[in-house]
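Chain by chain, the residues:
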Amino acid sequence: MICFFLLLSFVFSENQRADGVLAVVGNRAVLVSDVLEETSIVAQQQNISPQNNPYLYDRLFSSILNKQINKNIVLFYALQDTLLEASYDEINKTLDERLAFYVAQFGSEEDFEEKTNSTLEEMKRQHWDNIKNEILIEKFKVGLLRDVGVTKMDVFDFYDVFKDSLPSSPSLVSFSLLQKTAAPSE
C-alpha cells in the first residue's frame, strides 16, 4: 500500500489531479485526488515527507481517508433531515471569515491570489458547496446532542463503576519539593 501512495505522490505534480474513487457514501464519492490534496497539505504542515517517511505519510493518508468517509456519512444523514438548511447569508459569512483568515496568512489579497492562482470570488465559488455541507453537518451534530447533558455527578458515577477498566494516565510532569525552614536573624 505504501508503494502505491508513494508512486502517486511522485507521478502527480501539484497541478495534476489523480482520478479514482476510494469510497462511496450514499451518492458521494471520496476521490483519490481529494484525499491526496488534503494529505499533501497536512503533510507539509507537519513536515512529513513521503520520500523520507513513507510509513507516516501512508498512515496520514489513511487517517484523512477515514475522516472524509466519516464526514460523508454524517452529511448523508444530515441531508436527509428536511428541517436543516444552510442559508445564503450563513454560507457567505463563513466563506468571508475563512478567506479573510487565509488572506491575513498570506499578507495581502494580492499575495493570496498570486499564490493560489485564484481570485477571492473564484475561491468562494469553488468552496461554496463544501462550506454549505460543513454548516449542515454542524447543525446536524448540534441537533443530535442538544438534549444530552452530563453533570459532574454523572462523571463521578461513571468513574466509580468503570475505574477498573479505564487505562491509567501517564504522568505529564514530575517535580520535587525541597523545604528548608529559615530562621530570622537577630
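The structure displayed is predicted, hence computed values, not measured ones. (Residues numbered from 1 in each chain as written. Predicted model: local features only at pLDDT ≥ 70, side-chain atom pairs only at ≥ 80, totals over all residues. Heavy atoms only, no water.)

J.: Help me out: how do you make sense of a nonpolar patch on the surface in this one?
T.: There is a patch of nonpolar side chains on the surface, built from Leu-144, Leu-145, Val-148, Val-150 and Val-155 and spanning about 510 Å² of accessible area. Inspection of the secondary structure assignment puts Val-155 in helix H7 (residues 152-162). (Patch = residues over 30% accessible without salt bridge, like charges linked within 9 Å, V, L, I, M, F, W, Y side chains within 5 Å. Areas by Shrake-Rupley, 256 points an atom, 1.4 Å probe, with all protein chains shown as cover. Salt bridge = Lys/Arg side-chain N within 4 Å of Asp/Glu carboxyl O. Helix = DSSP H or I, 4+ residues; strand = E, 2+ residues; numbered from the N terminus.)

J.: Could you clarify how one ought to interpret the nonpolar core in this entry?
T.: Within soluble globular proteins, side chains that are nonpolar tend to cluster in buried spots. If you look at the biggest cluster of nonpolar residues, it comprises 15 residues, and the most contacted ones within it are Val-30, Val-35, Leu-60 and Ile-69. Sort the elements by how many residues they give to this core and helix H3 (residues 54-80) lands first, with six residues. Setting aside residues up to four positions removed in sequence, Leu-60 forms contacts with Thr-39, Val-42, Ala-43, Gln-46 and Ile-48. Ranked by size, the runner-up nonpolar core spans nine residues in total, among them Ile-91, Ile-131, Ile-135 and Leu-136. (Core = buried A, V, L, I, M, F, W, Y, C linked by side-chain atoms within 4.5 Å. Buried < 20%, exposed > 50% of the residue type's maximum accessible area, 1.4 Å probe, protein only. Contact = heavy atoms within 4.5 Å.)

J.: Got a minute to help me understand the confidence of the model for the chain in this structure?
T.: Close inspection of predicted coordinates is inappropriate for parts of the model with low pLDDT. Summing up the model confidence of the chain, the mean pLDDT is 85 and the portion of residues at 70 or higher is 90%. Across the chain, H3 holds the top mean pLDDT of 94, while helix H1 (residues 2-11) sits lowest at 38. In the predicted structure, residues 1-16 sits below a pLDDT of 50 and forms 19 contacts with residues beyond four places in sequence or in another chain. (pLDDT = per-residue confidence, 0-100.)

J.: How should I be thinking about the packing of helix H2 (residues 32-45) against H3 in this particular structure?
T.: Pairs of packed helices are described in terms of their axes, by the angle between the two and the distance that separates them. Running from N to C, H2 and H3 point in directions that differ by 125°, and their axes come no closer than 9 Å. By the criterion of interaxial angle, the relationship of H2 to H3 is oblique. For the pair H2 and H3, the crossing hand works out as right-handed. Across the interface between the two elements, Asp-34, Val-35, Leu-36, Glu-38, Thr-39, Ser-40, Val-42 and Ala-43 of H2 pack against Tyr-57, Leu-60, Phe-61, Ile-64, Leu-65, Lys-67 and Gln-68 of H3. In the contact of H2 with H3, the residues fall into nine nonpolar, three polar and three charged. (Axes fitted to C-alpha atoms, helices over the stretch in contact; angles between N-to-C directions. Parallel < 35°, antiparallel > 145°, perpendicular 65-115°, else oblique. Left-handed = near helix turned anticlockwise from the far one by under 90°. Nonpolar A, V, L, I, M, F, W, Y, C, P; charged D, E, K, R; others polar.)

J.: Any chance you could explain the pairing of strand E1 (residues 21-25) here in plain terms?
T.: Within a regular strand, side chains alternate between the sheet's two faces. Where E1 lies against strand E2 (residues 28-31), four bridges are found, and the strand directions are antiparallel. Paired with Val-25 across the two strands is Arg-28, which belongs to E2. Between E1 and E2, which pair antiparallel and follow one another directly, the connecting turn spans two residues, one of which, Gly-26, has a positive phi of 65°. (Pairing = 2+ DSSP bridges.)

J.: Looking at this structure, how should I read the pattern of salt bridges?
T.: Here the idea is simple: oppositely charged side chains can pair when their charged atoms come close. Evaluated as defined, the whole model comprises five salt bridges. In this structure, the salt-bridge partner of Lys-67 is Glu-38, at a minimum N-O distance of 2.4 Å. Taken together, the residues span a long stretch of sequence, with Lys-67 in helix H3 and Glu-38 in helix H2 at a distance of 29 residues. Residue Lys-124 is joined to Asp-96 by a salt bridge in which the shortest nitrogen-to-oxygen separation is 2.7 Å. Linking Lys-124 in helix H6 (residues 120-145) with Asp-96 in helix H4 (residues 88-106), this pair joins segments that are 28 residues apart in sequence.

J.: Looking at this structure, how should I read H4?
T.: Think of an α-helix as turning once every 3.6 residues; residues three or four places apart then point the same way. Look at H4: 27 Å from first C-alpha to last across 19 residues, which is about the 27 Å you get at 1.5 Å a residue. Of the surrounding secondary structure, the elements contacted by the buried residues of H4 are helix H5 (109-116) and H6. Looking at the residues trailing H4, positive phi occurs at Gly-107, about 105°. (Expected span 1.5 Å × (residues − 1).)

J.: Which parts of the structure should I look at to understand the packing of aromatic side chains?
T.: The way to describe two aromatic rings as a pair is by their centre distance and the angle between their planes. Per the stated rule, a full pass over the model turns up five aromatic pairs. With 5.4 Å between their ring centres and 70° between their planes, Phe-101 and Tyr-102 make a pair best called edge-to-face. Residue Tyr-102 is classed as partly exposed on the basis of its relative accessible area of 42%. (Phe/Tyr/Trp six-rings, centres within 6.5 Å; stacked < 30°, edge-to-face > 60°.)

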